[in-house]
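Listed below, chain by chain, are the residues.
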Amino acid sequence: MMQEHLPKDKDPNEVQEWGWTIQEFVTENFWYLLAILVLLGLFFFARHRWNIRNRRKFKN
């Protein structure tokens, strides 16, 4: 996508500067972002359970 000519006297808006908006990014990549959140949740849950299991094991 070709960017429009940006005048020097005013700042570009978000679409002119980046070529997309946050809303477009989220809607187009919703399933990828959801998968990343699920994987992060699983990682932190597994780490939490691992810490609990080892805390009991090495409490002596």
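Further up the page is the structure itself.
Note that the structure is predicted; figures quoted are calculated from it, not measured.

Caption draft 1: Representation of the packing of aromatic side chains within the structure. Per the counting criterion, the structure on display carries 3 aromatic pairs. Taking 5.1 Å as the distance between ring centres and 75 degrees as the angle between the ring planes, the aromatic pair formed by Phe30 and Trp31 counts as edge-to-face. Given the relative accessible area of 65%, Trp31 is considered exposed. Judged by centre distance (5.2 Å) and plane angle (70 degrees), the ring pair of Phe43 and Phe44 falls under edge-to-face. Given a relative accessible area of 48%, Phe43 falls into the partly exposed group. The exposure class of Phe44 is partly exposed, given its relative accessible area of 44%.

Analysis parameters
- Residues numbered from 1 in each chain as written.
- Predicted model: local features only at pLDDT ≥ 70, side-chain atom pairs only at ≥ 80, totals over all residues.
- Heavy atoms only, no water.
- Phe/Tyr/Trp six-rings, centres within 6.5 Å; stacked < 30°, edge-to-face > 60°.
- Buried < 20%, exposed > 50% of the residue type's maximum accessible area, 1.4 Å probe, protein only.

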